[in-house]
Amino acid sequence: MNSEIRKPEVDKRHVVVIVGGGAAGISAAASLHKRDRSLDIAIVEPSSTHYYQPGWTMVGGGVFRPEVTSRPMSEVMPGFVSWYQQAVASVEPDENQVRLADGSVVAYQALILAPGLELNWSAIDGLEMALGSHGVTSNYRQGMAQYTWQTVQNLAQGTALFSQPPMPIKCAGAPQKAMYLSADHWRRRGALAHIDIQFHNAGAVLFGVPDYVPALQQYIDKYGIQVHFQSNLVAVNGPARKATFQMTDAEGNRHEREQAFDMLHAVPPQRAPAFIRESVLANDGGWLNLADDTLQHKAYANIFGLGDVSGTGNAKTAAAVRKQAPVVAENLIASLQGKPLPAAYLGYGSCPLTVENGRIVLAEFGYNGVLQPTFPQWVNDGTRATRAAWWLKAKQLPALYWHVMLKGREWLAKPATRDAR
């Protein structure tokens, strides 16, 4: 059954309105429908294409073809929802309504906010203009991963820079993944000794969960990568092939350093969309103000959220959404019925760190860095690089995304109960 695409009209009403038709929004809709097929659900999503963004790193490493990472939104959008193919202008929580870009209004009884985040390219002077030429690239830009792979293949000697902005960002390991896959390609070609690889990390540690750092450090050493902590990319001059970093020393003093490059893989700072961060729905950091466990808004009981927009302390990954969607579904339905919220999200996130072509460090953890492995250690030891994790990432996860997660088939995603934490 094809989804119904409606032209928005003033005063349209639905029991549940979901803002966002990405991984989070569609997964939440599917989990709701799984539990109550009578629910009247609408999704507000302007895009015509749905992207499997975790695959972009693999495109940039020459592993995936670009076409496996996208499908028409009309093929992915559930047939049981009303789809408003419009952008959101504002959410008006005191009126229980969403105002769309054309000025029309959609009212709701319960609202799920899952619009993702915004890549703030303009925060790095000159970056957006430089992308796609002079060796400047980013796997975070739709369609740019192909240029990453071309640039990696063409580089035989010189300086390759990889940047990571301040947290939070989506898939916090992705800046490193691009670096490791590039370095592994140069190693296999015999070019590694002729390339100066530098990792400029705005943070102070290689990875936020200490258990995974030793395995990553082994690959830093193996590839001869120079790591610069508290080094934040602030400007790019593409034609001159120069990048400017703001460096912070141990005393908090800052200075700028210019670095020439032959390749630059840049990652922009990230933030919630304006209709969230500039509204009463945001926390002090500008992210959606949710309770860590129930994913219910802290001020509006009929609003829930999930995905990258969330102000919860978990890693912003598709794997987090897989665990969050059933929690939101169970708690929203309970809320509609006037019952206590039963389900708890424990902060699960997963980051398959592609340290070489054929091996991955599968980082799985929850709030406060507590390890939450899916498989027993004899199947996959997540604190070291394994071929089993590569098989999962390269061979299984795309199909699981399209055919399991987006369809409400909650594989290994049973919610915790609030009284069992």
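Criteria and thresholds
Residues numbered from 1 in each chain as written. Predicted model: local features only at pLDDT ≥ 70, side-chain atom pairs only at ≥ 80, totals over all residues. Heavy atoms only, no water. Helix = DSSP H or I, 4+ residues; strand = E, 2+ residues; numbered from the N terminus. Phe/Tyr/Trp six-rings, centres within 6.5 Å; stacked < 30°, edge-to-face > 60°. Buried < 20%, exposed > 50% of the residue type's maximum accessible area, 1.4 Å probe, protein only. Lys NZ or Arg CZ within 6 Å of the ring centre and 35° of its normal. Salt bridge = Lys/Arg side-chain N within 4 Å of Asp/Glu carboxyl O. Core = buried A, V, L, I, M, F, W, Y, C linked by side-chain atoms within 4.5 Å. Contact = heavy atoms within 4.5 Å. Disulfide = S-S within 2.5 Å. Pairing = 2+ DSSP bridges. Right-handed = clockwise from strand over helix to strand, strands pointing away. Expected span 1.5 Å × (residues − 1). Axes fitted to C-alpha atoms, helices over the stretch in contact; angles between N-to-C directions.

1. Here we look at unusual backbone geometry
And then number 1: The peptide bond linking Met167 to Pro168 adopts the cis configuration, its omega dihedral lying at 0°.
And then number 2: Located in the positive-phi region is Gln230, a residue other than glycine, with phi close to 50°.
And then number 3: Looking at where Gln230 falls in the secondary structure, it is placed in the loop between strand E14 (226-229) and strand E15 (231-237).
And then number 4: Although it is not a glycine, Arg241 adopts a positive phi angle of roughly 55°.
And then number 5: Among the structural elements, Arg241 can be located in the loop between E15 and strand E16 (242-248).

2. Here's the deal with the packing of aromatic side chains
And then number 1: Counted according to the given criterion, the structure contains ten aromatic pairs.
And then number 2: Relative to Trp56, the ring of Tyr51 lies with its centre 5.7 Å away and its plane at 65°, an arrangement referred to as edge-to-face.
And then number 3: For Trp56, a relative accessible area of 8% gives the class buried.
And then number 4: Here Tyr52 and Tyr401 contribute two aromatic rings whose centre-to-centre distance is 4.7 Å and whose plane-to-plane angle is 45°, an arrangement assigned as tilted. One end of the pair, Tyr52, is in the loop between strand E4 (49-51) and helix H2 (56-60); the other, Tyr401, is in helix H10 (residues 387-403), and 349 residues separate them in sequence. When sorted by exposure, Tyr52 lands in the same class as Tyr401, which is buried.
And then number 5: Taken together, the ring pairs connect Tyr52, Tyr401 and Trp402 into an aromatic cluster.
And then number 6: Against the face of Trp121 rests Arg141, its NZ or CZ located 5.2 Å from the ring centre.
And then number 7: We note Lys323 situated over the ring of Tyr348; from NZ or CZ to the ring centre the distance is 5.1 Å.

3. Quick word on the pattern of salt bridges
Side chains carrying opposite charge are able to pair once their charged atoms draw close together.
And then number 1: Per the counting criterion, the structure on display carries 16 salt bridges.
And then number 2: The salt bridge partner of Glu67 is Arg65, with a shortest N-O separation of 2.9 Å.
And then number 3: It is possible to trace a salt-bridge network through shared partners that takes in Asp184, Arg187, Arg188, Lys222 and Glu356.

4. Topic: the environment of Glu278
And then number 1: Looking at the secondary structure, you find Glu278 in the loop between helix H8 (274-277) and strand E20 (303-305).
And then number 2: Through-space distance from the C-alpha of Glu278 to that of Thr148 is 34 Å; in sequence the pair is 130 residues apart.

5. Some details on the nonpolar core
Burial of nonpolar side chains together is a common tendency in soluble globular proteins.
And then number 1: Among the nonpolar cores identified, the biggest contains 55 residues, and Phe162, Tyr180, Trp186, Ile197, Phe207, Val236 and Leu264 are the most heavily contacted of them.
And then number 2: In terms of residue count, helix H6 (residues 174-189) provides more of this core than any other element does, six residues in total.
And then number 3: Once residues within four sequence positions are removed from consideration, Tyr180 is found in contact with Leu216, Tyr219, Ile220, Tyr223, Ile225, Thr354 and Val355.
And then number 4: In this structure, Ala24, Ala28, Met58 and Val59 belong to the second largest nonpolar core, which totals 53 residues.

6. Quick notes on the state of the cysteines
A covalent bond between the sulfur atoms of two cysteines is referred to as a disulfide.
And then number 1: Tallied over the full model, the rule gives zero disulfides.
And then number 2: Here Cys171 stays free of any disulfide, with the sulfur of Cys351 as its closest cysteine sulfur at 4.1 Å.
And then number 3: Of the residues examined, Cys351 reaches a relative accessible area of 3% and is grouped as buried.

7. As for the pairing of E14
And then number 1: Bridging between strand E13 (residues 195-201) and E14 involves four bridges; their strand directions are parallel. Each bridged residue has a counterpart across the sheet, and for Asn201 the counterpart in E14 is Phe229.
And then number 2: With respect to chirality, the unit in which E13 leads through helix H7 (residues 213-223) into the neighbouring parallel E14 is right-handed.

8. What to know about H10
And then number 1: Taking 1.5 Å per residue, 17 residues should reach 24 Å; H10 reaches 24 Å between its end C-alpha atoms and fits that length.
And then number 2: Considered for burial, the residues of H10 that qualify are Ala389, Trp390, Leu392, Lys393, Ala394, Pro398, Tyr401 and Trp402.

9. With respect to the sheet that holds strand E11 (residues 136-137)
And then number 1: The five strands lie next to each other as E11-E18-E12-E13-E14, forming an open sheet whose pairing is parallel. Two strands close off the open sheet at either side, each with one partner strand: E11 and E14.
And then number 2: Relative to the sheet, helix H5 (residues 145-154) contacts E11 and strand E18 (263-265), its axis offset from that of E18 by approximately 145°.
And then number 3: Of the strands in this sheet, strand E12 (158-164), E13 and E18 touch H6, which is tilted by about 160° from E12.

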